[in-house]
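Chain and residue survey
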Amino acid sequence: MHDGHHDVRRAREIYQTSTMGALIDGVYDGDVTIGELLRHGDFGLGTFNRLDGEMVILDGTCHHLRSDGSARIADAGDLTPFAAVTWFRPDTSIPVTTSTDRVAITALIDAALSSDNLMYALRIKGTFGAVRTRTVMRQQPPYPPLTEAAEGQQESTFRDVEGTLAGFRTPDLEQAIAVAGYHMHFIDRDHRQGGHALDYRLEHGVIEISSRSELHLSLPRTPQFLASDLTSESLAQQIHQAEGG
Ligand code: ZN
C-alpha cells in the first residue's frame, strides 16, 4: 500500500536475478522480464537472454548495448539471465576536478565507505578522457561457459566522451552471487554506446555512492539453472577472468 511515505526498506534493497556463478556456468537464459526488473529499481546493470550484450539501467530506462555497437531501449518483455537493480538515492557525493584513473577513483570510493562488508550502488557521471569497454556477444545453445564466450567479446575504447558509469561495489562475501569488488557498465550521454567497463579515466565529474544492506536474490526456475553444477571451486578465478578489467 502506498501511503505517500518513502519506503525506506525498499529503497535500501538490491534486487538481483540469478547469480554470477550461474552466468559463469553458461546459464544465459533467464525468466525475468525487463518490465519485472524495473519494478524493483531504476538503476543497475546486467545482460540479456542468450548473453546478447550489456545492460545499463539509468533513471528507470533499461538500455541494451549489443556487440555490433547498436544501442536501443529494451522492451518490457525482453528477458534477462542476470541483472541487479536498486532505487538509486545517493548518500555521498565526491566531486572529481582533475584527471583521475580507475585505480585512483576506486581508491577514493574505498576511502569514503563506512565498511567493506556492505553493498554499494555507484554512479560516476562526467567527462571521461577514455573508457575501455567490452560487450558480450549473443550465444547459441548449447551455451559455452562465460570464460569461453567472453573470448569473442567486442572491445571498444571511447575517448573524450561524456557519460555515466553505473554499477556496484560488492563485498567479498558475495563472490559467486555477484562480482566481488567493482562491477561497472558505461553508457554515453546520448545513450548510443557503451558496455561493461574494463578501464577508464575520468577528467571531471561526480562520484555518487549509496550503501545497501538488503539483497533480494531471485533464482531462476529454468531447466538449465536447475540442472547446473554451481559448486565450482575455481569460480572466483573464472569470474576474474571473464569480468576483470
Ligand atoms: Zn558487466
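In this report, the structure presented in the accompanying data block is examined. Residue numbers run consecutively from 1 along every chain, following the written order of its sequence. Two thresholds apply to this predicted model, a pLDDT of at least 70 for residue-level local features and 80 or more for giving and counting side-chain atom pairs, whereas whole-chain, interface and lining totals are computed over all residues. Hydrogen atoms and water are omitted, and side-chain values are computed over all heavy atoms in the structure.

1. Thoughts on the overall build of the chain
Along its length, the chain carries seven helices and 15 strands. Put simply, the radius of gyration uses C-alpha atoms, and a globule should come to 2.2 Å times the residue count raised to 0.38. For the chain, whose C-alpha radius of gyration is 17 Å, the value lies close to the compact-globule estimate of 18 Å for 245 residues. The C-alpha extent of the chain, read off along each of the three principal axes, is 50 × 45 × 35 Å. Summary of the burial criterion: residues with accessible area below 20% of their type's maximum are buried, those above 50% are exposed, and those between are partly exposed, where the area comes from a 1.4 Å probe applied to protein chains only. Within the chain, the fraction of its 245 residues that count as buried is 52%. Carbon together with sulfur atoms contributes 48% to the accessible area of the chain, which is approximately 11,200 Å² in total. If you average the places of the 21 positive and of the 34 negative side-chain charges in the chain, the two averages end up 4 Å apart. Put simply, DSSP marks the helices as runs of H or I at least four residues long and the strands as runs of E at least two long, and each gets a number from the N terminus on. Accessible areas in this description were obtained via Shrake-Rupley with a 1.4 Å probe; residue shielding takes into account the shown protein chains only. In this tally, Lys and Arg are treated as positive and Asp and Glu as negative; His is ignored, and so are the chain termini. To locate a charge, take atom NZ for lysine, CZ for arginine, CG for aspartate or CD for glutamate.

2. Focus: the coordination of the zinc ion
Coordination shells were defined by N, O and S atoms within 2.8 Å of each metal, extended to 3.2 Å for Na, K and Ca; water is absent from the atom set, which can make sites look incomplete. Coordination of the zinc ion by the protein is provided by His 183 (NE2), His 185 (NE2) and His 196 (ND1), with metal-donor distances spanning 2.1 Å. Here the donor residues for the zinc ion map to a single chain with the spacing H-x1-H-x10-H. One end of the pair, His 183, is in strand 13 (residues 181–188); the other, His 196, is in strand 14 (residues 194–212), with 13 residues separating them in the sequence. Classification of His 183 as buried rests on a relative accessible area of 8%. You can call His 196 buried: its relative accessible area is 2%.

3. Some remarks on the packing of aromatic side chains
Any two of the Phe, Tyr and Trp rings considered here, Trp counted by its six-membered ring, make a pair once their centres fall within 6.5 Å; the pair's planes then place it as stacked at under 30 degrees, edge-to-face at over 60, or tilted in between. Scanning the entire structure with this criterion turns up six aromatic pairs. Both rings, one in Tyr 28 and one in Tyr 143, keep their centres 5.0 Å apart while their planes meet at 55°; by these two values the pair is tilted. With a gap of 115 residues between them, Tyr 28 in the loop between helix 2 (20–24) and strand 2 (32–33) and Tyr 143 in the loop between strand 11 (119–135) and helix 5 (146–149) connect regions that are remote in the sequence. Pair check on accessibility: Tyr 28 and Tyr 143 agree, each one buried. Aromatic side chains Phe 43 and Phe 168 sit 6.2 Å apart centroid to centroid with 75° between the ring planes, which places their arrangement in the edge-to-face category. Here Phe 168 lies in strand 12 (residues 154–170) and Phe 43 lies in strand 3 (residues 43–47), a separation of 125 residues in the sequence. Each member of the pair, Phe 43 together with Phe 168, is buried.

4. Examining the sheet that holds strand 8 (residues 82–86)
Any two strands are treated as partners once DSSP identifies two or more bridges connecting them. Across the sheet, seven strands lie side by side as 6-5-4-3-8-1-15; this open sheet has mixed pairing. The strands lining the two open edges of the sheet, one partner per strand, are strand 6 (71–73) and strand 15 (214–218). Adjacent strand axes in the sheet meet at a mean angle of 15° when their direction is disregarded. Here strand 1 (residues 13–17) runs beside strand 8; their pairing, made up of three bridges, is antiparallel. Inter-axis angles, ranging from 0 to 180 degrees, are taken between N-to-C directions of lines fitted to C-alpha atoms, where helices are fitted over the stretch in contact.

5. So, the nonpolar core
What is meant by a nonpolar core is a set of buried Ala, Val, Leu, Ile, Met, Phe, Trp, Tyr and Cys residues, joined one to another through side-chain atoms within 4.5 Å. Ile 105, Ile 109, Ile 124, Phe 128, Leu 165, Ile 207 and Ile 209 are the most contacted members of the largest nonpolar core, which has 20 residues in total. Broken down by secondary-structure element, the contributors of at least two residues to this core are strand 9 (92–96), helix 4 (102–112), strand 11, strand 12, strand 13 and strand 14. Once residues within four sequence positions are removed from consideration, Phe 128 is found in contact with Arg 159, Asp 160, Val 161, Gly 163, Thr 164, Leu 165, Phe 186, Tyr 200, Arg 201, Leu 202 and Glu 203. Throughout, a residue-residue contact means that at least one pair of heavy atoms, one from each residue, lies within 4.5 Å.

6. Considerations on the pattern of salt bridges
Pairs may arise between side chains of opposite charge once their charged atoms sit close together. By convention in these notes, a salt bridge is any Lys or Arg side-chain nitrogen within 4 Å of a carboxyl oxygen on Asp or Glu. Inspection of the entire model under this criterion finds 17 salt bridges. Among the ionic pairs, Arg 39 bridges to Glu 36, the shortest N-O distance being 2.7 Å. Arg 39 gets classed as exposed once you look at its relative accessible area, which sits at 55%. Looking at Glu 36, the relative accessible area reads 25%, which means it is partly exposed. Residues joined by salt bridges that share partners form a network here, namely Asp 52, Arg 66 and Arg 138.

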